[in-house]
Structures are given as structure tokens and as C-alpha cells.
Amino acid sequence: MATIEECRSALDKLSDNMQRAEGDVRDAAALDRSVSCHITDLDVTFVGRMRGGRIEVHDTVPGPPPGKAEIRLAMTGDDLVALVGGELSFAKAWGSGRVKLHAGVRDLLQLRKLL
């Protein structure tokens, strides 16, 4: 099972990858939205903001997200690490229910370019 530190590191790597993106992916990464990522097996949530092509994690809180972020993800720590490491396809994980993504319709249309 992935640790909180490994999950935080995976989010930092995802943020770095987004910062280096180009074209449509860079446009999608440029959204300015509140974000939460609930790691279900650790029952911890990373709370922050997607802004300027990066994910800024502001806090790590126990349990489910304390508020309703504009973009909400939920998955296990191992799935987060595997997704960011390229070992797990987002589409496959989302289709099978291993990853849950909640966002507004416009945001979902933009995010599909990232994922």
C-alpha cells in the first residue's frame, strides 16, 4: 500500500508533468479550479488548487474532502502512484470504477485532454 508521502510525491510529479505539457494538454492544465484528491485506502484527502499549469497542494486532511472542490478525485494510493507512473491507464481505471472523477461538464471536457 502506498504511503501518504508516496501519494504526495505522485501529485508533485503530476504537477511537474502538467507544467511541461504543450498544446491542448497545456490549455487544459491551465484551468484555475479548486481540487481535492481523496486517497480512499489511507482515508486522507489532499486539498489544493489547479492553477497556472500546476497542482498546488495546500493541505492534507484526514477523511473525505472537507468541502466540495470544483474537481474531485478519489482512488487508492496505489492507483494514484500507478497512474502518475504510467503503469495504469486513466480511462481503464475510470471505466472500471477504480478512479472517480467529479467536475462540471465544461471542466470534464477540458480535463479529458489531460487524461
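Further up the page is the structure itself.
My aim in this report is to walk through the structure given alongside it, one point at a time. Along each chain, numbering runs from 1 in the same order as the chain's sequence is written. At least 70 in pLDDT is required for a residue's local features to be given in this predicted model, at least 80 for side-chain atom pairs to be given and counted, and no such filter applies to totals for whole chains, interfaces and linings, which use all residues. Only hydrogens and water are set aside; all other atoms, that is, all heavy atoms of the structure, feed into the side-chain values.

Side note on the environment of Leu 80
In this fold, Leu 80 is placed in helix H3 (residues 77-84). The contact definition used throughout considers only heavy atoms, calling two residues in contact when any of these lie within 4.5 Å. The contacts of Leu 80, once residues within four sequence positions are left out, are Cys 7, Ala 10, Leu 11, Ile 39 and Met 75. Put simply, DSSP marks the helices as runs of H or I at least four residues long and the strands as runs of E at least two long, and each gets a number from the N terminus on.

Quick look at unusual backbone geometry
Located in the positive-phi region is Asp 43, a residue other than glycine, with phi close to 50°. Tracing the backbone shows Asp 43 in the loop between strand E1 (33-39) and strand E2 (44-51). Working definition: with a 1.4 Å probe on protein chains only, accessible area under 20% of the residue-type maximum means buried, over 50% means exposed, and in between means partly exposed. Overall, the relative accessible area of 39% leaves Asp 43 in the partly exposed class.

Some details on the pattern of salt bridges
One side-chain nitrogen of Lys or Arg within 4 Å of one carboxyl oxygen of Asp or Glu is enough to make a salt bridge. With the rule as written, the count across this model stands at seven salt bridges. A salt bridge links Arg 49 to Asp 32, with the nearest nitrogen and oxygen atoms 2.7 Å apart. Here Arg 49, found in strand E2, pairs with Asp 32, found in the loop between helix H2 (23-29) and E1; they are 17 residues apart in sequence, far enough to count as distant. Residue classification places Arg 49 among the partly exposed residues on the basis of a relative accessible area of 22%. Measuring nitrogen to oxygen at the nearest pair gives 2.9 Å for the salt bridge that ties Arg 33 to Asp 107. A residue pair is termed long-range when its members are at least 10 positions apart, and Arg 33 in strand E1 and Asp 107 in helix H5 (residues 105-114) qualify at 74 residues. Looking at Arg 33, the relative accessible area reads 23%, which means it is partly exposed. Linked by salt bridges that have partners in common, Asp 32, Arg 49 and Glu 70 make up one network.

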